[in-house]
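Coordinate inspection notes
Here are the chains, one letter per residue:
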Amino acid sequence: MSFRAKIFLAITVTVVVAVWIVAGVVSTLVARSFERRDEQRTATLVAQFHAEFNRRSAEVARRLDAIASSDEIARMAVDLGSPQADPGKYYDQAQNLAREQSLDFLELVGPDASIISSAEWPARFGYKENWLLSFGDSKDVFLKREELADGAALGLIAVRAVSGQLYIAGGQKLDKQFLDTLPVVEGMRVELRTTIDSTTPSREITRSTPDATITSIPLFGREHQLLAVLLVENSRLELASLKRYIRDTALLVGSGAVLLGLLLSFWTASRVTRPLRELTSSVREVAEGKWDARAAVRSSDEVGQLARDFNRMTAQLVEQRDRMIQAERVAAWRELARRLAHELKNPLFPLQITIENLQRSRDTPQFEEVFRESTTTLLAELDNLKTIVGRFSDFSKMPAPELELTNLNQVVREVIKLFDAQIHAEGRPEAKVELALDENLAAIQADPEQIRRALRNLILNALDAMPAGGVLTVRTQNLDGKVALEISDSGAGLTPEECERLFTPYYTTKQHGTGLGLAIVQSVVSDHKGTITVHSEPGKGATFRIEFKA
Amino acid sequence: MRLRAWAWLALSSLSLIPVAGATRPRYGGSITVDLSSTSGATILPLVEETLVRLNEKGEIDPLLATAWQFDPDKRRWRFSLRPKVFFHDGEPLNASHAAAALLPALRKKYADVNATAGGQTLVLQFDRAMPDLLTELASPHLALFRNDEKGTPVGTGPFRVTAWEPGRRIALAAFEEYWAGRPFLDSAVVNLGAARATGDIFDIPFSSARRVLPEHIRIWESPVHELIALVGDNANALAPAIDRTPIVNVLAQKKGEAAFGLLPQWLSGYAFLFAGPPSRLPSQLRAVSITLTYPASDGFARSIAERVALNARDAGITVQPTSNPGGALRLVRWTLESSDAAAELNRIGSLLGFPERALSAARPQELYEAERAMLDAHRILPILFLPDVYGIATRVHNWDAAQKSGGFSLHLENIWVEP
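Residue positions are given per chain, counted from 1 along the sequence in the order it is written. Labels follow written order: the first chain is A, the first ligand is 1, and so on. In view of the model being predicted, local features appear only for residues whose pLDDT reaches at least 70, and side-chain atom pairs are presented and counted only at 80 or more, with totals across whole chains, interfaces and linings using the full set of residues.

Brief notes about the overall build of chain A
The secondary structure listing takes helices from DSSP runs of H or I that are at least 4 residues long and strands from runs of E that are at least 2 residues long, numbered from the N terminus. The secondary structure content of chain A amounts to 12 helices and 16 strands. Exposure classification rests on a simple neighbour count of other C-beta atoms within 10 Å of a residue's own: a residue reaching 20 or more is buried, one at 12 or fewer is exposed, and one in between is partly exposed. C-beta atoms are placed from the backbone. Here chain A, with 550 residues, has 25% of them falling under the buried criterion. Throughout, a residue-residue contact means that the two C-beta atoms, derived from backbone geometry, are no farther apart than 7 Å. Restricting to contacts in chain A with at least 6 residues of sequence separation, those with at least 24 account for 64%.

Written out as structure tokens, the structure is:
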């Protein structure tokens, strides 16, 4: 994960989590606040309901007292007390009295509990209201479910008995109009549910739905029977709206945080990672060999200090490299001089001896013989000197390869064939040659003559490394887009230091080598855009591996 | 002693002079009539008259036609119109007026009718026999009248219309040229749909019919002439559940009578034959809910419907009263229009969807069988018959006698009032 992504993730997560926590806390506090408000509202409303209930009860009692003490009722009671009383003529009396006293319910009931007149259900005259017979003289106002022609209604009912001839039962409806008198604020709803079943709660409970908090308050009749339930509903829509607003705000802030995180990450990255990227790029350049790479120093902070240290380090590396090159150059020249001196000293010494012999034998009878032998020796040594000079000259004049489609297996077989006589020379310990050639080896673009030359040097080195005989293995194989050629011997092997310096010109581990063989091999491989490596351990032989592009 | 006795007798005679004066008819004065219903048929006969009328015995009496003849097959009827009869606008009545007034109404029912008018002679020609034509012509719907440019009816009756507010108020004035002589009253105002009864004459709801009324008001009750019944498929099946007695005694305040037939006893003479024990209640009725529609804004009808529902509930049947139309049962209030039993039975039959039959009040056996057939069709359950109940101010005189002029309309032409 990039540094920029990490910064972006850190900022975003931090802000989003913070916003989420704040939103959650605020939502919880708001919800609790609303719950407290709803509880207060409900309590106020219920108190008002009871106050109105009591007020209406007193009103009903007062109106019923007025009816009971009215002249009409007095006359009616007297009339009904006579033997020839005809209750039927008072059929609409209750309606008139109820209208006068603004009562919703009023029944005039005879001593046998037969309805004489009913305001709420006029047609019900003659029917019985037996519950009145056991009512007594109570002046209480109580809740009662009244059966009506079109259903049932809940009423605040009071009863008065007049002269033992008449019961007066009347009251007012406990209905929507009653509820309309309650101070219901916006967001509240009050309902009187008169449909009672087994699931209707008989105690006050509060339950919450996603839309509302509903408090059920049971209302009981005179004999404590459940008659209705007052439902106080506090809408949670306002709370839901507020929560939605908080959530939307949190989402907005969160989105802003993500955007801010994005911007901050870009900005921070531009402040922090750009110098680092530049530094990384410079490091990569150094790794690729461009040791004079420099990192831009843009700040004085840690990154700037790092860039300065990097620049100082590369400067030191360049300086050390230059010194090393100089040292290597001096060493190479010294080696060259030593090698030249060594190579030239060998033929020079016979020359000197031969010439001194000639000088000593000038006046001797053997001069002629000595002269003849000496000149022969001088010529031989001079040829030797020319050979030495020619080798150096050849190394300095490596031509550019003339590329053509070349079968590497064929080149290997041709070169091995050249060494056939040398390998099987009489008196030489036998060296076994093993060819592991991939017959499907891809052809490569190469100069076959230079490849042969390089291969000869490698095989010669391998044979030289096995003076007591051994196994020479030549292997070719296809790689992924490349072709590999390995020459292995089972000789004494090389030390790591020898491996390291093996391709240095004029470096040799042999008694009479020029140190140019492997240098020439490396030059050929390099000219073919290939690579050469050596793997060896002392006592385990050596393997040279060359890879060409297919 | 004899002298003192004669003196006492003389003083007593003097004291009777004002009383005798009060009972003597006098011209002049005005009355107000407050009617809760808006039935025009109750009032219009004061303004419009028919060729003939049915008297209280159900017999045909001449009115605008003084004589009539018909051919043996009763297809051609010849009427002699009363001479010197004037419309309220002063135009004398002749046969052309009668033909113009009658033909449109008759042709709604009898497309084949033709009229020939000549002077005071009107000939009505039908393609079919018309044995009951006189009874039909006595119907207020076949009164002779025309409308003036304001739409006010102009007839030949004892009162002319001076102001006409349809459905609310009719102002009448005595028609000086009325052929039977000017009415005693100078004018009358009829308030229709009156909320409060403060007039000299007013109809009384049954719920108040037995209330103590002011001293200057007396109650007058017409013969029962309104049928309240349940109509609908299998309506008669509810008969065992319905207790008519409380309905009559309480809801109608004993002003009506229980109805078991379609015509009241006084009209048919055989209504008592239908008052047998009720049959058993069909058990399948207990499984259904029946909607009973009563006329909207009719409190009395609603009370009866609710009482029927209560009775039905006691019998285990669910009857739901409603003022919304479309109920399986309807509570109807049908008013008799004449004292001709045959005509009224045919009229009720037509309301129930029965074809018209050739019936005659002179053949009560046929009437009974026809009525029995209608009842046995189970489409109607009679509940009670009702009269009209009016409160009459004591300053109104000759009321009872005036109402014997026939029909079920108010007769104000022969009453007179004290100042």
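Next comes the rest of the description.
Looking at the nonpolar core
Nonpolar side chains in soluble globular proteins generally cluster together in the buried interior. What makes a nonpolar core is a set of buried Ala, Val, Leu, Ile, Met, Phe, Trp, Tyr and Cys residues, with links drawn between C-beta atoms within 7 Å. A:Ile168 and B:Ile383 are the most contacted members of the largest nonpolar core, which has 148 residues in total. Setting aside residues up to four positions removed in sequence, A:Ile168 forms contacts with A:Leu64, A:Ile67, A:Ala68, A:Ile73, A:Leu108, A:Val159, A:Arg160 and A:Val162. Counting 34 residues, the second-largest nonpolar core is a separate cluster that includes A:Val411, A:Leu455, A:Ile459 and A:Ile546.

A short note on the interface of chain A and chain B
Opposite the 11 residues of chain A that make contact, chain B presents 13 residues. Each residue belonging to the side of chain A that touches chain B can be placed in one class, and the counts come to 6 nonpolar, 2 polar and 3 charged. For this classification, the nonpolar set comprises Ala, Val, Leu, Ile, Met, Phe, Trp, Tyr, Cys and Pro, the charged set comprises Asp, Glu, Lys and Arg, and every other residue, Gly included, is treated as polar.

A short note on the sheet that holds strand 14 (residues 217–221) of chain B
Residues and elements named next belong to chain B. Pairs of strands are assigned from DSSP output, requiring at least two bridges between the strands. Pairing in this open sheet of 7 strands is mixed, and the strands run 10-11-12-1-13-21-14 from one edge to the other. Two strands in the sheet have a free side with no partner beyond their single neighbour: strand 10 (159–165) and strand 14. Adjacent strand axes in the sheet meet at a mean angle of 20 degrees, parallel and antiparallel pairs treated alike. Direction of pairing for strand 1 (residues 30–35) relative to strand 12 (residues 187–192): parallel, over a ladder of 6 bridges. The residue of strand 12 that forms the bridge with Ser 30 is Ser 187. Lines fitted to the C-alpha atoms define the axes, with helices restricted to the stretch that makes contact. Angles between their N-to-C directions range from 0 to 180 degrees.

Some words on the packing of helix 8 (residues 408–418) of chain A against helix 10 (residues 448–464) of chain A
Residue and element names in this part refer to chain A. Where helix 8 meets helix 10, the axes come as close as 10 Å, and the angle between the chain directions of the two elements is 50 degrees. Taken together, helix 8 and helix 10 sit at an angle that is classed as oblique. In this structure, helix 8 meets helix 10 at a crossing whose hand is right-handed. Contact residues: Val 411, Val 412, Glu 414, Val 415 and Leu 418 in helix 8; Pro 448, Ile 451, Arg 452, Leu 455, Arg 456 and Ile 459 in helix 10. Here the residues of the contact of helix 8 with helix 10 are counted per class, giving 8 nonpolar, no polar and 3 charged. Angles are sorted into four bins: roughly parallel if under 35 degrees, roughly antiparallel if over 145, roughly perpendicular if 65 to 115, and oblique for all others. In this scheme the handedness of a crossing depends on how the near helix is turned from the far one: anticlockwise by less than a right angle means left-handed, clockwise means right-handed.

Topic: unusual backbone geometry
One non-glycine residue with positive phi stands out, namely A:Lys529, at about 60 degrees. Turning to its location among the elements, A:Lys529 is positioned in the loop between helix 12 (517–527) and strand 15 (531–536). The backbone of B:Lys254 sits at a positive phi, close to 60 degrees, despite the residue not being glycine. Within the secondary structure, B:Lys254 is located in the loop between helix 4 (244–251) and strand 16 (257–258).

Regarding the environment of A:Val15
Residues and elements named next belong to chain A. Tracing the sequence through the fold places Val 15 in helix 1 (residues 3–68). Look at Val 15 and you get partly exposed, because 18 C-beta atoms sit within 10 Å. A C-alpha to C-alpha distance of 6.9 Å links Val 15 and Gly 254, two positions 239 residues apart in sequence. Not counting chain neighbours up to four residues away, the residues in contact with Val 15 comprise Ala 257, Leu 260 and Gly 261.

Structural notes on the pairing of strand 15 of chain A
Look at any regular strand and the pattern is simple: side chains alternate between the two faces of the sheet. Residues and elements named next belong to chain A. One ladder, built from 6 bridges, connects strand 15 with strand 16 (residues 542–549); its direction is antiparallel. What sits directly across from Ser 536, in strand 16, is Ala 542. Counting the residues in the hairpin turn of strand 15 and strand 16 gives 5 residues, including Gly 539, whose phi is positive at 85 degrees.

With respect to the confidence of the model for chain B
All names here are of chain B. Residues at a pLDDT of 70 or more form 90% of chain B, whose mean pLDDT is 85. As a per-residue measure, pLDDT reflects the predictor's confidence and takes values from 0 up to 100. Of all helices and strands in chain B, the one with the weakest mean pLDDT is helix 1 (residues 2–23) (45), whereas strand 5 (residues 76–81) scores best (96). Note that pLDDT drops below 50 for residues 1–22; the model gives that stretch 1 contact with residues more than four away or on any other chain. Scored as a complex, the prediction yields pTM 0.60 and ipTM 0.74.

Concerning the sheet that holds strand 18 (residues 318–322) of chain B
For sheets, the rule is that strands pair by backbone hydrogen bonds, running either parallel or antiparallel. Residues and elements named next belong to chain B. Here we have 6 strands laid out as an open sheet, ordered 16-20-15-19-17-18, and mixed in their pairing. Strand pairing shows two members of the sheet lacking a second neighbour, strand 16 and strand 18, which therefore form its edges. One ladder, built from 5 bridges, connects strand 17 (residues 289–293) with strand 18; its direction is parallel. Note that in strand 18 the partner of Ser 289 across the bridge is Thr 318. Sheet strands in contact with helix 4 are strand 16 and strand 20 (380–386), and its direction is about 30 degrees off that of strand 20.

Description of helix 7 (residues 341–352) of chain B
All names here are of chain B. Helix span, as expected, comes to 1.5 Å for every residue beyond the first. Compared with the 16 Å implied by 1.5 Å per residue over 12 residues, the 16 Å span of helix 7 between its first and last C-alpha is a close match. Among the residues making up helix 7, those that are buried are Ala 341, Ala 342, Ala 343, Glu 344, Leu 345, Asn 346, Ile 348 and Gly 349. Along its buried surface, helix 7 packs onto helix 3 (133–137), helix 5 (265–268), strand 19 (329–335) and helix 8 (364–376). Where helix 7 terminates, the next one or two residues include Gly 353, which has phi positive at roughly 95 degrees.

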